[in-house]
Structures are given as C-alpha cells and as structure tokens.
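Chain residues, written in single-letter form:
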Amino acid sequence: QVQLVESGGGLVQAGGSLRLSCVTSLRTFSRYAMGWFRQAPGKEREFVAAITWGGANTYYADSVKGRFTISRDNAKYTVYLQMNGLKPEDTAVYYCAADPLLPTLLRSWSDVDYWGKGTLVTVSS
C-alpha cells in the first residue's frame, strides 16, 4: 500500500517560515510528478505547487509565487515545500500528492493517484 506522509506543519507568526516534508513509499518515486495542495476551513482544496519527475520544472499558484518553493530528493523519496513570508490566509491543511502525469496535478485533481493525510499549518496575525 502506497503511503505519503506529510510533516513539518505547526503554528507560526505572520512573516515566519515553515518547511513541509512528504515522505513516500513509492519505489518508482522518480517517475512521479509531485504536488502540494491545501484546504482552508470551509473552502475547497486548492493547488499550491507542483514539480516534475526530475525536479527541472516547478509550478506555483499565483497566491504563493515568490514565497513558496517546491523541491524534491528522489534518493530519499521525499518532496518539500519551503514556505517563507507566511500570511494568515496561508492557514490550511496541506496535502502532498503524487501522479505520473503532471497535467493531472495541475488540472485534474480528482484523478490524482495518491494523496497524503495532510499536515496543519496555522499562521497567526
């Protein structure tokens, strides 16, 4: 059974930083595009960032561009999300996702192969 386990969430003041990690059990990890999504209370899940198989290309939601950085370490089966300049509106549960096809992460979230259970990020003002 494939597992994606997020960590690194917590409570931080506005302007602060957090680094999320997602460790997977995917032995073909290097063949999967990886993404981060988030869901705030009472809102729909939204795309945050994605990265291609080898890490050469990254994609970001406009709301986080310039503040968040997605990266991956294929040797460790891990994807990261470095979050700087956090704002109260970044408060949400952050989910890791994996799919062989990048377009699925970018446009067809309901078809994503694997999801983690999420980690809570709370940004206080």
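Bear in mind the structure is a predicted one, so any value in this text is a computation, not a measurement. Throughout this document, residue positions are counted from 1 along each chain, in the order its sequence is written. Reporting in this predicted model follows two pLDDT cut-offs: at least 70 for local features of residues, and 80 or more for side-chain atom pairs to be given and counted; totals over whole chains, interfaces and linings ignore these cut-offs and use all residues. The basis for every side-chain value is the complete set of heavy atoms in the structure, and neither hydrogens nor water enter the calculation.

### Quick word on the pairing of strand E3 (residues 18-24)
Okay, step 1: A 1.4 Å probe rolled over the protein chains alone gives each residue an accessible area, and that area as a share of the maximum for its type sets the label: buried under 20%, exposed over 50%, partly exposed in between. Helix and strand assignments come from DSSP, with helices taken as H or I runs of at least 4 residues and strands as E runs of at least 2, each series counted from the N terminus. Most of E3 sits inside the fold, with five of its seven residues counted as buried.
Okay, step 2: We treat two strands as partners when DSSP finds at least two bridges between them. Direction of pairing for strand E1 (residues 4-7) relative to E3: antiparallel, over a ladder of four bridges. Within E3, the residue paired with Glu6 across the bridge is Cys22.
Okay, step 3: Bridge count between E3 and strand E8 (residues 78-83): six bridges; the pairing is antiparallel. The residue of E8 that forms the bridge with Ser21 is Tyr80.

### Considering the sheet that holds E1
Okay, step 1: Reading across the sheet, the four strands line up as E1-E3-E8-E7 and stay open at both edges, with antiparallel pairing between neighbours. The open sheet terminates on both sides in strands that have one partner only, identified here as E1 and strand E7 (68-73). Going across the sheet, the axis of each strand differs from the next one's by a mean of 15°, ignoring polarity. Note on definitions: angles span 0 to 180 degrees between N-to-C directions of axes, and those axes are lines fitted to C-alpha atoms, for helices only across the stretch in contact.

### Details of the layout of surface pockets
Rolling a probe over the atoms, with the probe sized like a water molecule, indicates the empty space that remains.
Okay, step 1: Cavities and pockets were defined on a 1 Å grid built from protein atoms only: a cavity is a group of points that admits a 1.4 Å probe but offers it no way out, a pocket is an open group of points flanked by protein on both sides within 12 Å along at least five of seven lines, and a lining residue is one with an atom within 4 Å of any such point. Grid points are joined across faces, edges and corners, and a volume is the space filled by probe spheres set on the points. Put simply, the largest pocket is a space of about 160 Å³.
Okay, step 2: For the largest pocket, the full set of lining residues is Gln1, Val2, Gln3, Leu4, Val5, Glu6, Tyr114, Trp115, Gly116 and Lys117.
Okay, step 3: Broken down by element, the residue count for the lining of the largest pocket peaks at three residues, all from E1.
Okay, step 4: Residue classes follow a fixed rule: Ala, Val, Leu, Ile, Met, Phe, Trp, Tyr, Cys and Pro count as nonpolar, while Asp, Glu, Lys and Arg count as charged, and any other residue, Gly among them, counts as polar. Here the lining of the largest pocket is built from residues that sort into five nonpolar, three polar and two charged.

### Quick word on the state of the cysteines
Okay, step 1: Two cysteine sulfurs form a disulfide in these notes if their separation is within 2.5 Å. Counted according to the given criterion, the structure contains one disulfide.
Okay, step 2: Between the sulfur atoms of Cys22 and its disulfide mate Cys96 the distance is 2.2 Å. Taking the torsion about the sulfur-sulfur bond, which here is approximately -80°, the covalent link between Cys22 and Cys96 counts as left-handed. Of this pair, Cys22 sits in strand E3 while Cys96 is found in strand E9 (residues 92-99), placing the two residues 74 residues apart along the sequence.
Okay, step 3: Residue Cys96 is classed as buried on the basis of its relative accessible area of 0%.

### Thoughts on the nonpolar core
Okay, step 1: Take the buried residues of types Ala, Val, Leu, Ile, Met, Phe, Trp, Tyr and Cys, join any two whose side-chain atoms come within 4.5 Å, and each joined set is a nonpolar core. The biggest cluster of nonpolar side chains holds 37 residues, and the ones touching the most others in it are Met34, Trp36, Leu81, Met83 and Tyr94.
Okay, step 2: For this core, the secondary structure elements donating two or more residues are E3, strand E4 (33-39), strand E5 (46-51), E7, E8, E9, helix H1 (102-107) and strand E11 (119-124).
Okay, step 3: Any two residues whose heavy atoms approach within 4.5 Å at even a single point are treated as in contact. Apart from the residues lying within four places of it in its own chain, the contact partners of Leu81 are Leu18, Arg19, Leu20, Trp36, Val48, Ala49, Phe68, Thr69, Ile70 and Tyr94.

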